[in-house]
Amino acid sequence: MKKQLLSLHGLVAFISGSLFGLGLIVSQMVDTNKVLNFLDFFGQWDPSLALVMGGGLGVFGIGFALLVKPKSKPLFDESFFLPTKKHIDKKLITGACLFGLGWGFVGICPGPAIVNLVSVDAKFIGFVVAMLVGMFCARALSQR
Amino acid sequence: MTEFTPISALIGGAILGFAALLLLILNGRLAGISGIISGVMSTGQNAFWRWAFIGGLILSGLIAPWLNLSMPTMLTASWPLTLIGGFLVGFGTYIGAGCTSGHGICGIGRLSLRSIVATLIFMLVATIVVFVSRHIVGA
C-alpha cells in the first residue's frame with residue numbers, strides 16, 4: 001500500500017475511533033452499572049442499552065444494505081475485508097460463552113474498556129491488561 | 001439503580017453505528033473492537049490503522065469532559081473479578097472472533113448468522129451471570 005494511502009487509512013480510522021468512542025460515552029456503554037442493570041432483567045432492569053443496539057444496528061444495517069453491499073470496493077482500498085466463515089462451530093460458541101461470562105462479571109466489553117483508560121483508575125487498567133493477556137493466551141493456544 | 005435514558009441511548013447508538021459505517025465504506029474494515037485490539041499485536045501495515053482507531057477511542061475519553069459528557073471514574077467490581085473478567089473477555093473474544101461491536105453491531109447489521117448466534121449466546125450467558133451474582137449469591 002502506498003504511503004499516502006496508509007496515512008489516509010490512519011486518519012479515517014482515527015476519526016472513526018473518536019466517533020465510536022463518543023457513541024459509547026453518549027450512550028453510557030462505558031458505565032458498568034448501566035450495562036449490568038441492562039443485563040439484570042429480574043431486578044432493576046434498565047432497558048437503555050437495547051436502544052443503543054437499536055440505534056447502532058439501524059444506522060449500520062441500513063447503511064450496509066444501501067451503501068456498502070451494492071459496491072465492489074471501499075473508497076480507499078481494493079476490497080472490503082469481511083469475515084468469510086459461515087458455519088457455527090465450537091470455537092464460536094465457546095468464545096461467546098467465555099466472553100459473556102467475563103462481561104457479566106464486570107459489565108465492560110473491549111471498546112468501553114479502552115475509553116475508560118483515561119480515568120487512570122487502577123482497576124480499569126488492570127482489566128485491559130488482563131484482557132490483553134487473555135487475547136495473547138488465546139492466540140498462542142490457537143497457533144499450536 | 002440507573003435511570004432509563006432512551007434518547008441518549010438511541011443517539012449514542014446511532015453515532016457508533018455511523019462510525020462503524022464510515023470505517024467500512026472508506027477503508028473496507030469492520031469496527032470490531034476486540035479484533036482491532038488483538039490485531040495491533042500483529043505486525044505490518046495492518047497494525048497502523050488499528051493503532052489510529054485505538055488512539056481515537058482514547059481521544060474520545062479525553063474530550064468527553066469538554067462536551068459535558070459524564071464518564072465513570074472507577075470500576076466497582078472487586079479486583080479478582082476485574083482480572084478474571086478481563087482475561088475471559090480477551091480470551092473469549094479472540095476465540096469467538098468478536099465482541100459486542102463486531103458481532104452485535106457489524107455482524108448482525110450484515111445479517112451474519114454466526115454473529116446473531118454469538119450475540120444471543122454472550123447476552124444470555126452475561127444475563128445468567130448477573131442473575132446468579134445479584135439474586136442468588138448477593139441476595
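Given the structure is predicted, the values throughout are model-derived calculations rather than measurements.

## Re the overall build of chain A
And step 1. For chain A, the count of helices and strands is six helices and zero strands.
And step 2. When its helices and strands are written in sequence order, chain A yields α-α-α-α-α-α.
And step 3. Its C-alpha atoms put chain A at 50 × 40 × 35 Å along the principal axes.
And step 4. A burial count over chain A gives 49% of its 144 residues as buried.
And step 5. Partitioning the intrachain contacts of chain A with sequence separation of at least 6 by distance along the chain shows that 40% fall at a separation of at least 24.
And step 6. About 6600 Å² of surface is accessible on chain A, with carbon and sulfur atoms providing 69% of the total.
And step 7. Between the mean site of the 13 positive side-chain charges and the mean site of the 7 negative ones, chain A shows a separation of 13 Å.

## A closer look at the UniProt feature "transmembrane region" (unreviewed entry) in chain B
And step 1. UniProt records the feature "transmembrane region" (unreviewed entry) at residues 6-26, 47-67, 79-99 and 111-132 of chain B, using the numbering of this structure.
And step 2. Taken end to end, residues 6-26 of chain B is 100% helix and 0% strand, and its two terminal C-alpha atoms sit 30 Å from one another.

## Some points on the UniProt feature "transmembrane region" (unreviewed entry) in chain A
All names here are of chain A.
And step 1. The residues that UniProt annotates with the feature "transmembrane region" (unreviewed entry) are residues 7-29, 49-68, 92-118 and 124-141.
And step 2. Taken as a whole, residues 49-68 contains 100% helix and 0% strand, while its terminal C-alpha atoms sit 26 Å from one another.
And step 3. Structurally, residues 92-118 is divided into 78% helix and 0% strand, and its ends, taken at the C-alpha atoms, are 31 Å apart.

## Some remarks on the packing of helix α3 (residues 48-68) of chain A against helix α5 (residues 100-109) of chain B
Helix packing for two helices is described by the angle between their axes and how far apart those axes are.
And step 1. For the pair α3(A) and α5(B), the least separation of the axes is 8 Å and the interaxial angle reads 35 degrees. The handedness of the crossing between α3(A) and α5(B) comes out as right-handed. Contacts between α3(A) and α5(B) pair M53(A), G56(A), L57(A), F60(A), G61(A) and F64(A) from the former with G104(B), I105(B), C106(B), I108(B) and G109(B) from the latter.
And step 2. Residues belonging to the contact of α3(A) with α5(B) are distributed by class as follows: seven nonpolar, four polar and no charged.

## Let's talk about the interface of chain B and chain A
And step 1. Contacts between the two partners involve 106 residues from chain B and, on the opposite side, 110 residues from chain A.
And step 2. The junction of chain B with chain A conceals about 9900 Å² of combined surface from both sides, 77% of it contributed by carbon and sulfur atoms.
And step 3. Across the pair D89(A) and R114(B) runs a salt bridge, and its minimum N-O distance is 3.5 Å.
And step 4. At the junction of chain B with chain A, the criterion picks out 20 residue pairs in polar contact (both at pLDDT 80 or more).
And step 5. Elements that contribute at least two residues to the side of chain B that touches chain A include exactly α1 (6-27), α2 (33-39), α3 (46-63), α4 (79-95), α5 and α6 (113-137) of chain B.
And step 6. The greatest single-element share of the side of chain B that touches chain A, amounting to 21 residues, is contributed by α1(B).
And step 7. Split into classes, the residues belonging to the side of chain B that touches chain A amount to 65 nonpolar, 36 polar and five charged.

Definitions and cut-offs
Residues numbered from 1 in each chain as written. Chains lettered and ligands numbered in written order. Predicted model: local features only at pLDDT ≥ 70, side-chain atom pairs only at ≥ 80, totals over all residues. Heavy atoms only, no water. Helix = DSSP H or I, 4+ residues; strand = E, 2+ residues; numbered from the N terminus. Buried < 20%, exposed > 50% of the residue type's maximum accessible area, 1.4 Å probe, protein only. Contact = heavy atoms within 4.5 Å. Areas by Shrake-Rupley, 256 points an atom, 1.4 Å probe, with all protein chains shown as cover. Lys, Arg positive; Asp, Glu negative; His and termini not counted. Charge placed at Lys NZ, Arg CZ, Asp CG, Glu CD. UniProt positions renumbered as here; feature names shortened; annotations may be inferred. Axes fitted to C-alpha atoms, helices over the stretch in contact; angles between N-to-C directions. Left-handed = near helix turned anticlockwise from the far one by under 90°. Nonpolar A, V, L, I, M, F, W, Y, C, P; charged D, E, K, R; others polar. Buried area = accessible area lost by both parts, 1.4 Å probe. Salt bridge = Lys/Arg side-chain N within 4 Å of Asp/Glu carboxyl O. Polar contact = N/O pair within 3.5 Å; in protein donor to acceptor, adjacent residues only side chain to side chain.

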